[in-house]
Amino acid sequence: MPKKYGVKEKDLVVAHVVNLILTGKLRSGDRVDRNEIAQELGVSRVPIQEAVVQLEHDGILSTQYHRGAYVELFDESVVREHHEIYGMLSGIASARAAEAHDPEHLRQLEALLATMRANVDSRAFQEAAWEFRVLINDEYSGPRLLAVIRGSQSFMPRAFWLAYLDNHRDLLPFYEAELNAIHRGDAAAARAANTERAEAMGRIMLAELVRRGVFKPAGAPTDAF
């Protein structure tokens, strides 16, 4: 696989392993084949080990001495939990934005929201939404909060949301509610908007994982899947 310049090799490995899990090629309890990853991505063992350390820290892999790295439990409850944590953490930063009520940041957020409103196209919408989140998270998170926010985003890869066709319909109302709350200085409402948006994202991701065959449909008998 050609290397992507400007992207850390460790991050390429992280994204690759997460994609293997989200496509069902790796499942709970499966061993991660480091040699196969090295061959597939054209990287050395060093970034693979760095990625394993990060993925273990994020609760996605676990390591066993002299045996290797294995996929942790991955089911519907895990996907919901990752999104719940993400909503809670990003809500902290958003609440701080509401309390700070910085006029310049409000102008920048308004401009980004206007871009989201004007673009039904998924990629343009999501790029503006990404900048919206980065502005709030970078400005109102300390180093530790920012690190755990990024860790909680493991199972919500950016590529998925860039390709999702209904961002405008499904997610815009939550961004509008969040910015309205920040304008009012309502920290509790800003937190709530993040929690509700993350829950919606979790539902969308779960539906996609069922469509891909990674998870079985609710109520489907085990032997029919």
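Quick look at the structure, then. These numbers come from a predicted model, not from an experiment. Per chain, residue numbering runs from 1 following the sequence as it is written. In keeping with the model being predicted, local features are shown solely for residues with a pLDDT of at least 70 and side-chain atom pairs are shown and tallied solely at 80 or more, while totals for entire chains, interfaces and linings include all residues. The basis for the side-chain values is all heavy atoms of the structure; hydrogens and waters are excluded.

## Thoughts on the environment of Asp30
At step 1: Strands here mean DSSP runs of E at least two residues long; helices mean DSSP runs of H or I at least four residues long; both are numbered from the N terminus. Mapped onto the secondary structure, Asp30 falls in the loop between helix H1 (9–22) and helix H2 (34–41).
At step 2: Counting along the chain gives 78 residues from Asp30 to Gln108, while the straight-line C-alpha distance between them is 45 Å.
At step 3: Asp30 has contacts with Lys25, Ala69, Tyr70 and Val71, leaving out every residue within four places of it along the chain. Here a residue-residue contact requires only that any non-hydrogen atoms of the pair lie within 4.5 Å.

## Some remarks on a negative patch on the surface
At step 1: A cluster of acidic residues, Glu81, Glu84, Glu196 and Glu199, forms a negative patch on the protein surface.
At step 2: For the negative patch, the secondary structure elements donating two or more residues are helix H4 (76–100) and helix H10 (187–212).
At step 3: Looking at the secondary structure, you find Glu199 in helix H10. Candidate patch residues must exceed 30% relative accessible area and have no salt bridge, after which like charges are joined if within 9 Å and Val, Leu, Ile, Met, Phe, Trp or Tyr side chains if within 5 Å. Method for areas: the Shrake-Rupley scheme with a 1.4 Å probe, in which residue coverage is limited to the protein chains shown. Salt bridges are defined by distance alone: a side-chain nitrogen of Lys or Arg within 4 Å of a carboxyl oxygen of Asp or Glu. Under the counting rule used here, the positive set is Lys and Arg, the negative set is Asp and Glu, and His together with the chain ends is not counted. Note on charges: their place is set at NZ of Lys, CZ of Arg, CG of Asp or CD of Glu.

## Looking at the nonpolar core
At step 1: Ranked by size, the top nonpolar core spans 65 residues in total, and within it Leu61, Phe74, Met116 and Ile182 carry the most contacts.
At step 2: Sort the elements by how many residues they give to this core and H10 lands first, with eight residues.
At step 3: Each residue touching Phe74, except ones within four places of it in the same chain, is listed here: Ile21, Leu22, Ser28, Val79, Phe155, Leu209, Val214 and Phe215. Side-chain atoms within 4.5 Å are what join buried Ala, Val, Leu, Ile, Met, Phe, Trp, Tyr and Cys residues into a set we call a nonpolar core. Summary of the burial criterion: residues with accessible area below 20% of their type's maximum are buried, those above 50% are exposed, and those between are partly exposed, where the area comes from a 1.4 Å probe applied to protein chains only.

## Some details on the packing of helix H9 (residues 167–184) against H10
At step 1: At a minimum axis separation of 8 Å, H9 and H10 run at an interaxial angle of 170°. When the interaxial angle is binned, H9 and H10 end up roughly antiparallel. Taking contact as the criterion, the partners of Asp170, Leu171, Phe174, Tyr175, Ala177, Glu178, Ala181, Ile182 and Arg184 in H9 are, on H10, Ala189, Ala190, Ala193, Asn194, Glu196, Arg197, Ala200, Met201 and Ile204.
At step 2: In the scheme used here, Gly and all other residues not listed as nonpolar or charged are polar, with Ala, Val, Leu, Ile, Met, Phe, Trp, Tyr, Cys and Pro taken as nonpolar and Asp, Glu, Lys and Arg as charged. Across the contact of H9 with H10, the residue classes tally to twelve nonpolar, one polar and five charged. Note on geometry: axes are C-alpha line fits, over the in-contact stretch for helices, and angles between N-to-C directions span 0 to 180 degrees. Every angle not falling under 35 degrees, over 145, or within 65 to 115 is termed oblique; those three ranges are roughly parallel, roughly antiparallel and roughly perpendicular.

## Quick look at H2
At step 1: Those residues of H2 that fall on the buried side of the exposure criterion are Arg34, Ile37, Ala38 and Leu41. Along the axis of H2, the buried positions cluster into a sector of 100°, meaning they face one direction only. For H2, the exposed residues set more than 90 degrees away from the buried face come down to Asn35, Glu36 and Gln39.
At step 2: In this fold, the buried residues of H2 make contact with H1, helix H3 (45–57) and strand E2 (68–71).
At step 3: We call two N or O atoms a polar contact when they sit within 3.5 Å, provided that within protein one can donate a hydrogen and the other can accept it, with sequence-adjacent residues counted only if both atoms are side-chain atoms. In this structure Asp33 caps H2, since a side-chain oxygen of it lies 3.1 Å from the backbone nitrogen of Asn35. By construction, the arc corresponds to the directions joining the helix axis to the C-beta atoms.

## Points about the pattern of salt bridges
At step 1: Inspection of every chain in the model, using the stated rule, returns eleven salt bridges.
At step 2: Of the charged contacts in the structure, one is a salt bridge between Glu178 and Arg133, with a shortest N-O distance of 2.6 Å. A residue pair is termed long-range when its members are at least 10 positions apart, and Glu178 in helix H9 and Arg133 in helix H6 (residues 122–140) qualify at 45 residues.
At step 3: Taking relative accessible area as the criterion, Glu178 reaches 0% and is therefore assigned buried.
At step 4: For Arg133, a relative accessible area of 4% corresponds to the buried category.
At step 5: Through salt bridges that share partners, Asp166, Arg169 and Asp170 make up one connected network.

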